[in-house]
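Letter by letter, the chains look like this.
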Amino acid sequence: MNILVTGKNGQLGSEINALSTQYSDFNFHFTDIEELDITDKNAIDNFFSLNKIDLIINCAAYTAVDKAEDDIIAANKVNNLSVRYLTEVAEQYYSRIIHISTDYVFDGKHYLPYKETDNTNPISVYGKTKLNGESHVINSKVPALVIRTSWVYSQFGNNFVKTMLRLGNERENIGVIGDQIGTPTNANDLAKACLDIASKTELWSKKNEIYHFSNLGICSWYDFANEIMKLSDINCKINQIETIDYPTKAQRPQYSVLNKKKITEQFGIDNFHWSDSLQKMIKAI
Ligand SMILES: NC(=O)c1ccc[n+]([C@@H]2O[C@H](COP(=O)([O-])OP(=O)(O)OC[C@H]3O[C@@H](n4cnc5c(N)ncnc54)[C@H](OP(=O)(O)O)[C@@H]3O)[C@@H](O)[C@H]2O)c1
């Protein structure tokens, strides 16, 4: 199977790249904006005319959640229009698609883990553009699936874990939000889930489906920060603050825990408690 992985320099793209040697049946094409700008329809058409692609794993995205509030056109291009271009070319060349989306398609007013069938209602530009992107995948005429994930971190790139490690070594105290609840996701586990699903095409549903994947368990950013300090032996006090004390341009869902039953039952994907996966990442860096 020939697989195009977009966004190769991002957290998820880099993790898929690192795992790729374990999947010798697959022939990978890794691209980022320099090799294939997914907002450029001509570039996509040209790439597909030159390369036979059986599956697209779309890891490219505009992920600057606060910046997106003032940069709607750019966020919409990458998260929505580009996904339409990719689904159009997939239909032309009969490629499958795995597209990554986000917990930010929800408004966070739930009190139970979100199922794939729960109503969406994004409260940020980023969430709205990602939700619009999902619709092209779901409505495409080729076998395609959307995997929504949350609170992604990785040994590669910048993320909450690395910021906490840096601040923890610089300061005696840090204030971290305690009233936003979710589940962190080690991008390495998500990368493995994507590649395992790619190798089980016989289990793909006839109609296009949405799946949820994050690590197991529930925490606040405050709990997450405390665990990072504990696992790294950093003696920095984490003070619990409220969302109102840390104003950001974009609103975040207060509760965005994802229910993973569907992906586990359908594909038998391995998953781990978020603190165990965090330990794995901290050991790796
Ligand atoms: N990070 C999270 O906490 C989180 C949470 C939920 C869902 N997700 C979703 O998970 C997926 C992977 O996220 P991630 O954390 O790996 O994102 P990331 O680290 O920001 O990586 C995205 C990659 O896409 C590239 N890209 C941007 N515009 C592009 C374009 N026009 N053409 C080609 N490549 C382009 C980026 O390049 P530049 O860096 O140069 O822009 C970057 O290398 C995304 O769909 C994201 O929406 C992420």
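Residues numbered from 1 in each chain as written. Predicted model: local features only at pLDDT ≥ 70, side-chain atom pairs only at ≥ 80, totals over all residues. Heavy atoms only, no water.

Let's shift gears to the overall build of the protein. When helices and strands are tallied, the protein shows ten helices and twelve strands. Against the 2.2 N^0.38 benchmark of 19 Å for 285 residues, the protein shows a C-alpha radius of gyration of 19 Å, consistent with a compact globule. The principal-axis extent of the C-alpha atoms belonging to the protein is close to 55 × 40 × 35 Å. The long-range share in the protein, meaning contacts at least 24 apart out of those at least 6 apart in sequence, stands at 83%. By element, 48% of the accessible surface of the protein is carried by carbon and sulfur atoms, the whole surface being about 13100 Å². One way to put it: in the protein the 29 positive side-chain charges average out to a point 3 Å from where the 35 negative ones average out. (Helix = DSSP H or I, 4+ residues; strand = E, 2+ residues; numbered from the N terminus. Rg over C-alpha atoms; globule rule 2.2 N^0.38 Å. Contact = heavy atoms within 4.5 Å. Areas by Shrake-Rupley, 256 points an atom, 1.4 Å probe, with all protein chains shown as cover. Lys, Arg positive; Asp, Glu negative; His and termini not counted. Charge placed at Lys NZ, Arg CZ, Asp CG, Glu CD.)

What follows covers empty space enclosed by the protein. Under the defined criterion, the tally for this structure stands at one cavity of 30 Å³ or more. As a volume, the largest cavity reaches approximately 40 Å³. Around the largest cavity, the lining residues are Pro143, Ala144, Leu145, Trp204, Ser205, Lys207, Asn208, Glu209, Tyr211 and Phe267. Elements that contribute at least two residues to the lining of the largest cavity include exactly β5 (144-149) and β10 (209-212). (1 Å grid on protein atoms, 1.4 Å probe; cavity = no way out; pocket = protein on both sides within 12 Å on 5 of 7 lines; lining within 4 Å. Points joined across faces, edges and corners; volume = space filled by probe spheres on them.)

Further remarks concern helix α5 (residues 125-138). Compared with an ideal rise of 1.5 Å per residue, which puts 14 residues at 20 Å, α5 spans 20 Å between its outermost C-alpha atoms and is within 8% of the ideal. Every buried residue of α5 is listed here: Val125, Tyr126, Gly127, Thr129, Lys130, Gly133, Glu134, His136 and Val137. Looking at the buried side of α5, the elements it contacts are α3 (65-68), α4 (72-93), β4 (96-102), β5 and β10. (Expected span 1.5 Å × (residues − 1). Buried < 20%, exposed > 50% of the residue type's maximum accessible area, 1.4 Å probe, protein only.)

Close to the ligand lie 25 residues, the nearest being Asp32, Asp37, Thr63, Tyr126 and Lys130. For the ligand, a nitrogen atom lies 2.9 Å from a polar atom in the side chain of Asp37. Taking Lys130, its side chain carries an N or O atom lying 2.7 Å from an oxygen atom of the ligand. With the chains in place, 79% of the 900 Å² that the ligand exposes on its own is no longer accessible. (Near = heavy atom within 4 Å. Polar contact = N/O pair within 3.5 Å; in protein donor to acceptor, adjacent residues only side chain to side chain.)

Further remarks concern the sheet that holds β5. If you trace the six strands from one edge of the open sheet to the other, you get β2-β1-β3-β4-β5-β10, paired in parallel fashion. The sheet is open, and its two borders are formed by β2 (27-30) and β10, each paired with just one other strand. Taken over all neighbouring pairs, the strand axes of this sheet differ in orientation by 20 degrees on average, direction set aside. Where strand β1 (residues 2-6) lies against β2, four bridges are found, and the strand directions are parallel. Paired with Ile3 across the bridge in β2 is Phe28. (Pairing = 2+ DSSP bridges. Axes fitted to C-alpha atoms, helices over the stretch in contact; angles between N-to-C directions.)

What follows deals with the side chain of Ser256. Among the secondary structure elements, Ser256 is positioned in the loop between β12 (237-241) and α9 (261-267). With relative accessibility at 1%, the residue Ser256 sits in the buried group. Side chain to side chain, Ser256 and Asp103 meet in a polar contact 2.7 Å long.

On to the environment of Thr185. Tracing the backbone shows Thr185 in strand β9 (residues 185-186). Considered as a pair, Thr185 and Ala61 are 124 residues apart in the sequence and their alpha carbons are 17 Å apart. Those residues within four positions of Thr185 in sequence are excluded, and the remaining contacts are Thr149, Ser150, Trp151, Val152, Tyr153, Leu190, Phe213, Ser214 and Asn215. From its side chain, Thr185 meets the backbone oxygen of Ser150 in a polar contact 2.7 Å long.

Here we come to the environment of Ile16. Here Ile16 is to be found in helix α1 (residues 11-19). Taking the C-alpha atoms as reference points, Ile16 and Val5, eleven residues apart in sequence, are found 8.2 Å from one another. In this view, Ile16 contacts Val5, Phe28, Phe30, Ile57, Cys59, Ala191, Cys194 and Leu195; residues no more than four positions away in its chain are not counted.

What follows is about the packing of helix α8 (residues 221-231) against helix α10 (residues 274-284). For the pair α8 and α10, interaxial distance at closest approach is 10 Å and the crossing angle is 45 degrees. Judged by the inter-axis angle, α8 sits oblique to α10. In this structure, α8 meets α10 at a crossing whose hand is right-handed. Contacts from Asp223, Phe224, Glu227, Ile228 and Leu231 in α8 reach Trp274, Ser275, Leu278, Gln279 and Ile282 in α10. Here the contact of α8 with α10 is composed, by residue class, of six nonpolar, two polar and two charged. (Parallel < 35°, antiparallel > 145°, perpendicular 65-115°, else oblique. Left-handed = near helix turned anticlockwise from the far one by under 90°. Nonpolar A, V, L, I, M, F, W, Y, C, P; charged D, E, K, R; others polar.)

The next thing to look at is the pattern of salt bridges. With the rule as written, the count across this model stands at 16 salt bridges. Across the pair Arg148 and Glu134 runs a salt bridge whose closest N-O atoms are separated by 2.7 Å. Within this pair, whereas Arg148 is found in strand β5, its partner Glu134 is found in helix α5, the two being separated by 14 residues in sequence. The exposure class of Arg148 is buried, given its relative accessible area of 2%. On the basis of relative accessible area, Glu134 is assigned to the buried category, the value being 3%. Each of Lys41, Asp45, Arg84 and Glu88 takes part in salt bridges that share partners, so that together they form one network. (Salt bridge = Lys/Arg side-chain N within 4 Å of Asp/Glu carboxyl O.)

In short, geometric facts, not functional conclusions.
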